[in-house]
Amino acid sequence: MAEVEVEIRSLPKSWLLRHPRLLRPTVFALIVAIFAVDWFMPRVVALSMLYTIPILVSLWVARRRFTFAVATACALLTLVGVNRSDGGSPGVAMANAAAAIFSIAMVSVLGLMRLTTERELAYVRKLATTTLRSLGEAVITINRVGEVRFANRVACELLGRPSSELVGGRASDVFIVRDVEPEFPPIAELAERGAESREAVLFAYGGRRVPIEYVRSPIQSAEGEQFGEVVVFRDISARKEHDEAIKRLAYRDELTGLPNRVSLADRLQLELAHAKRNKEQLAVAYIDLDGFKEVNDKYGHAAGDALLREVAERMRGVLRGGDTIARLGGDEFVVVLPGVGGAEYARRVGEKLIASIEAPIEFEGKSLRASASFGAALYPRDGDEPQMLMRRADKAMYRAKSLGPGRAQIYQNLGDSQWG
C-alpha cells in the first residue's frame, strides 16, 4: 500500500518555484538591473539596498554557496557604485554604500540561518517519516478538525484500506473502536490528561473485528497550541488468544474440556447461594471410574485419554443444561445437580450416568470398557457448606465402590449399616 508523507503546510508555489531552472538567470538579471540603476542614479539614497532582492531570491535555490556568492557580488558592486557619485556629496554616497552593505550582510546572514534551519527541519521531518514507516505498530495522525493526515503501512493493513482512502477522511469514520469510553475526549482535554492507553475492539473495513491496544498523544506547540493528535495502535489478537488459553488452563480441564477444581468451587458456591435463596434442594455427587487403570495398563495412556474424553461427553449428554460436571483429576468427576426433587431423583441421575459410561467405547479397533461408582449428598439435608457436601458425597461414592462396580449411593448420616 502506498503511504503519504507527513503533512507540510506551505504557501502556494510561485511561478519561479514552478520553474527552478529560471531561478539563477533571474538572480543575475536582478543584479544587473539594480547595478545599472545604481550606476546611473547614484544620488538616490539607499538605492543600493535593492541588492537584497536577488539575495532573497537566491535562497530559493537552497544552496549556501550560491547565496554567499550572490551576496559577495552585490557587496562588491555596491562599492563600485560609490565611485559614481557624479559630483554629488561623497557623504551621501558613503551612507548609501554603508546602508546597502549592512542590509546585504544582515539579509545574507539571516537568510543563510533560515536555510540551515529549514534543512534541519527537513532532515527531522524525513527522519520522523521514515521512523513512522518503519514502526511495527500502526500510526495515524489526526489534525485539529478530526481529519486523518498520515497513516503508515501497518495502519493501512489493520484498517483494511489504502492510504489514499484514509488520508483526508474523518478519523471517526476510519478508526472505529469500541471500548469503555467510546467517545474521544477533545484534543484540549487530551492535552491536559496526556497520553492514554486503552484496549478496544477495532471495527476494520470488511466487518473484521480486531482486538487492539492503542495510545493517543496530543500534538502541540511549545506555546501549547493544539495541532491534533497521534494514535498508535497494535493488534493484540495473539495476546488475547494466549490470555484465553491461560484462562482455559486455569478453569478448564485440558483433556476433557470440563470445568476443573477451581471452576467447580466457584460454581458450587453460586448454586448453593441460589438454592438457599429459593429454598431448593441441591445434590453434589462424586463419580469414580471402575476399570480405568486396567484400560491404561492394557492399552496405554492414549486409550485412557480417549476413554476419559468419551466418558465426559456421554455424561454431558445425560445431564441437564443447568447441571455442572467437573473433572478433579485422574478418573474422578464431580456433578452438581441444582433443583433436585430429592434423594431418589439424585439416585436415578446416578444410574443414568453409570449406564452411559458402561456402554463399550471403540478406540483404534479396540473395545474399551469401564464402569463407575456414584455417590451423592443433598443440600440442605446432608450439609449447607460446599466442603461438607463434597466430603459426604465422597464418602457415599466409596460406599458404592465397596458394594461393587456400577453402584449409586446417597449419603445417609445414620451410620454405616443404613444407606439409601
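Right above here is the structure, for reference.
Summarised in this report is the structure supplied together with it. (Residues numbered from 1 in each chain as written. Predicted model: local features only at pLDDT ≥ 70, side-chain atom pairs only at ≥ 80, totals over all residues. Heavy atoms only, no water.)

**Focus on the sheet that holds strand β7 (residues 281–290)**
Argument step 1. Taken together, the 5 strands give an open sheet; going across it, the order is β8-β9-β7-β12-β13, and neighbouring strands pair in mixed fashion. Across the chains shown, the open sheet's two edge strands, defined by having one partner strand only, are β8 (324–329) and β13 (408–410). Going from strand to strand, the sheet's axes swing by 20° on average, the running direction of each strand aside.
Argument step 2. Bridge analysis of β8 against strand β9 (residues 332–340) gives 5 bridges, and the strand direction is antiparallel. When the sheet's bridge partners are listed, I325 is paired in β9 with V335.
Argument step 3. Its contacts with the sheet place helix α15 (residues 386–402) against β7, β9, β12 (371–379) and β13, and it is angled at close to 145° to β12. (Pairing = 2+ DSSP bridges. Helix = DSSP H or I, 4+ residues; strand = E, 2+ residues; numbered from the N terminus. Axes fitted to C-alpha atoms, helices over the stretch in contact; angles between N-to-C directions. Contact = heavy atoms within 4.5 Å.)

**Focus: the side chain of T67**
Argument step 1. Checked against the element boundaries, T67 lands in helix α4 (residues 64–82).
Argument step 2. The contact partners of T67, leaving out residues within four places of it in the chain, are I55, S58, L59 and L112.

**Description of the side chain of R216**
Argument step 1. Here R216 shows up in strand β5 (residues 209–220).
Argument step 2. When its relative accessible area of 0% is taken as the criterion, R216 is described as buried.
Argument step 3. Within the local environment of R216, its side chain forms a polar contact with the side chain of E229, the two groups lying 2.7 Å apart. (Buried < 20%, exposed > 50% of the residue type's maximum accessible area, 1.4 Å probe, protein only. Polar contact = N/O pair within 3.5 Å; in protein donor to acceptor, adjacent residues only side chain to side chain.)

**Focus on the packing of helix α12 (residues 292–299) against helix α13 (residues 301–318)**
Argument step 1. One can describe the packing of α12 onto α13 by two numbers: an axis separation of 6 Å at closest approach and a directional angle of 145°. Along the contact surface, α12 presents F292, V295, N296 and Y299, while α13 presents H301, A303, G304, L307 and L308.
Argument step 2. Split into classes, the residues belonging to the contact of α12 with α13 amount to 6 nonpolar, 3 polar and no charged. (Nonpolar A, V, L, I, M, F, W, Y, C, P; charged D, E, K, R; others polar.)

**Regarding the packing of α13 against helix α14 (residues 343–358)**
Argument step 1. The geometry of α13 relative to α14 is characterised by a closest axis approach of 9 Å and an angle of 140° between their N-to-C directions. One finds that α13 runs oblique with respect to α14. For the pair α13 and α14, the crossing hand works out as right-handed. Taken together, the residues of α14 that come into contact with α13 (itself represented by V311, R314, M315 and V318) are K352, L353, S356 and I357.
Argument step 2. Grouping the constituent residues of the contact of α13 with α14 by class yields 5 nonpolar, 1 polar and 2 charged. (Parallel < 35°, antiparallel > 145°, perpendicular 65-115°, else oblique. Left-handed = near helix turned anticlockwise from the far one by under 90°.)

**A word on a nonpolar patch on the surface**
Argument step 1. Together, F102, M106, V109, L110 and M113 give the surface a local cluster of nonpolar side chains, amounting to about 510 Å² of exposed area.
Argument step 2. Looking at the element boundaries, L110 is found in helix α5 (residues 90–134). (Patch = residues over 30% accessible without salt bridge, like charges linked within 9 Å, V, L, I, M, F, W, Y side chains within 5 Å. Areas by Shrake-Rupley, 256 points an atom, 1.4 Å probe, with all protein chains shown as cover. Salt bridge = Lys/Arg side-chain N within 4 Å of Asp/Glu carboxyl O.)

**A few points about the pairing of strand β1 (residues 138–143)**
Argument step 1. Taken across its 6 residues, β1 has 6 buried, putting it largely inside the fold.
Argument step 2. The side-chain alternation of β1 yields two buried faces, one formed by A138, I140 and I142 and the other by V139, T141 and N143.
Argument step 3. Pairing of β1 with strand β6 (residues 226–235), which is carried by 6 bridges, proceeds in the antiparallel orientation. Note on β6: the bridge partner recorded for I140 is V231.
Argument step 4. Where β1 meets strand β2 (residues 148–151), 3 bridges bridge the pair, whose relative direction is antiparallel. What sits directly across from I142, in β2, is V148.

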